[in-house]
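Given next are the chains, with one letter for each unit.
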Amino acid sequence: QAIPQFSLHREIDADWLQAEKARLATESGTRLSVNDLLVQALAETVVRHAGLASSYVEPEDGGAPHLLRPERIDVGLAVATDRGLLVPVLADVPARTLREIAADRVRLVEAARTGRLSLEEMSGATITVSSLAGFGVDSFGARSWTVPQDVGDAILRQRRARRRGIFDAFTLRG
């Protein structure tokens, strides 16, 4: 049976994201990345719109097919390594502070790149963030991923931020 796959694309004005990152880093004294803010925002989005990360399941007992909503929001973070793409999982993101998310991201990415990531640390993603922004990428596709673990039912792909003029209700900014 074929499972439909589709992509939605949206550009946003990311100036506020950079400003918020700087403000929060100053307030908390923690080195934050844009990915930390995206992970937190994505988890909050799934909390508010659980259908985004729901799965359609057919029960083995012959019951009616239904949507299975996630019990917990665990966010995968795609990491390129010498051994291929790995997806460490930040567990129970909505219950964590931004400082905790940042610290765990640093630990998990380092573990992935040095080959110390456990299978447990790569299991159970509800949804995944993939970013090639650091490589200056403007657009990329991820139709078919070959990864050794579950990456969840949806993937947020982030490209680089760039300065552009924006026409906004009769005002040109940029």
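All figures in this text were calculated on a predicted structure; none of them were measured in a lab.

Would you explain the overall build of the protein chain in this entry?
Secondary structure assignment for the protein chain yields 3 helices and 10 strands. Mapped from its N terminus to its C terminus, the protein chain presents α and β elements in the order α-α-β-β-β-β-β-β-α-β-β-β-β. Split into buried and exposed, the 174 residues of the protein chain put 33% on the buried side. For the protein chain, the proportion of contacts with a sequence separation of at least 24, taken over those separated by at least 6, is 60%. Counting every atom, the protein chain has about 11,800 Å² of accessible surface; 52% of that belongs to carbon and sulfur.

For this particular structure, what's the right way to read the nonpolar core?
The nonpolar side chains of a soluble globular protein tend to be buried with one another. Core analysis: the largest hydrophobic core is formed by 21 residues, its most contacted members being Val-39, Val-75, Val-93, Leu-117 and Val-129. When residues of this core are traced back to their parent elements, those giving at least two are helix H2 (34-48), strand E3 (75-77), helix H3 (98-113) and strand E7 (127-131). The dominant element in this core, judged by the number of residues it contributes, is H3, at 5 residues. For Leu-117, the residues in contact, after removing those within four places along its chain, are Pro-88, Leu-108, Ala-111, Ala-112 and Met-122. Leu-17, Leu-24, Val-34 and Ala-102 belong to the second-largest nonpolar core, a separate cluster that totals 8 residues.

Would you mind going over the pattern of salt bridges with me for this structure?
Working definition: two side chains of opposite charge can pair if their charged atoms are close together. Counted by the stated rule, this structure contains 8 salt bridges. For Asp-36, the salt bridge goes to Arg-105, with nearest N and O atoms at 2.5 Å. Residue Asp-36 is found in helix H2, and its partner Arg-105 is found in helix H3; the two are separated by 69 residues along the sequence. Since its relative accessible area comes to 1%, Asp-36 is described here as buried.

Please explain the pairing of E7 as it appears in this structure.
A regular strand carries its side chains on alternate faces of the sheet. Counting buried residues in E7 gives 4 out of 5 residues, a clear majority hidden from the surface. The pairing of E3 with E7 spans 3 bridges and is classified as parallel. Paired with Val-75 across the two strands is Ile-127, which belongs to E7.

Honestly, the confidence of the model for the protein chain in this entry has me stumped. Any pointers?
Close inspection of predicted coordinates is inappropriate in any region flagged by low pLDDT. Residue-level pLDDT values for the protein chain average 78, and 68% of them are 70 or greater. The secondary structure element of the protein chain with the lowest average pLDDT is strand E10 (residues 171-173), at 49, and the one with the highest is strand E6 (residues 89-90), at 96.

Just checking my understanding: could you explain H3 for this structure?
Owing to its 3.6 residues per turn, the α-helix brings residues three or four apart onto one side. Look at H3: 22 Å from first C-alpha to last across 16 residues, which is about the 22 Å you get at 1.5 Å a residue. Those residues of H3 that sit buried are Leu-98, Ile-101, Ala-102, Asp-104, Arg-105, Leu-108, Val-109, Ala-111 and Ala-112. In the core, the buried residues of H3 are packed alongside helix H1 (15-28), H2, E3, strand E4 (79-81), strand E5 (84-86) and E6. After H3 finishes, the residue Gly-115 shows a positive phi value of roughly 75°.

Whenever I open this one, the side chain of Asp-36 confuses me. Can you help?
A distance of 2.5 Å separates a polar atom in the side chain of Asp-36 from a polar atom in the side chain of Arg-105. Excluding residues within four positions of it along the chain, Asp-36 makes contact with Arg-31, Leu-98, Ile-101, Ala-102 and Arg-105.

What is the right way to look at unusual backbone geometry in this model?
The phi angle of most residues is negative, glycine excepted, and most peptide bonds adopt the trans form. If you check the backbone angles, Asp-92 has positive phi at about 45° while not being a glycine. Along the chain, Asp-92 turns up in the loop between E6 and H3.

Got a minute to help me understand the environment of Val-129 in this structure?
Relative to the elements of secondary structure, Val-129 occurs in strand E7. With relative accessibility at 0%, the residue Val-129 sits in the buried group.

So, how was this worked out
Residues numbered from 1 in each chain as written. Predicted model: local features only at pLDDT ≥ 70, side-chain atom pairs only at ≥ 80, totals over all residues. Heavy atoms only, no water. Helix = DSSP H or I, 4+ residues; strand = E, 2+ residues; numbered from the N terminus. Buried < 20%, exposed > 50% of the residue type's maximum accessible area, 1.4 Å probe, protein only. Contact = heavy atoms within 4.5 Å. Areas by Shrake-Rupley, 256 points an atom, 1.4 Å probe, with all protein chains shown as cover. Core = buried A, V, L, I, M, F, W, Y, C linked by side-chain atoms within 4.5 Å. Salt bridge = Lys/Arg side-chain N within 4 Å of Asp/Glu carboxyl O. Pairing = 2+ DSSP bridges. pLDDT = per-residue confidence, 0-100. Expected span 1.5 Å × (residues − 1). Polar contact = N/O pair within 3.5 Å; in protein donor to acceptor, adjacent residues only side chain to side chain.

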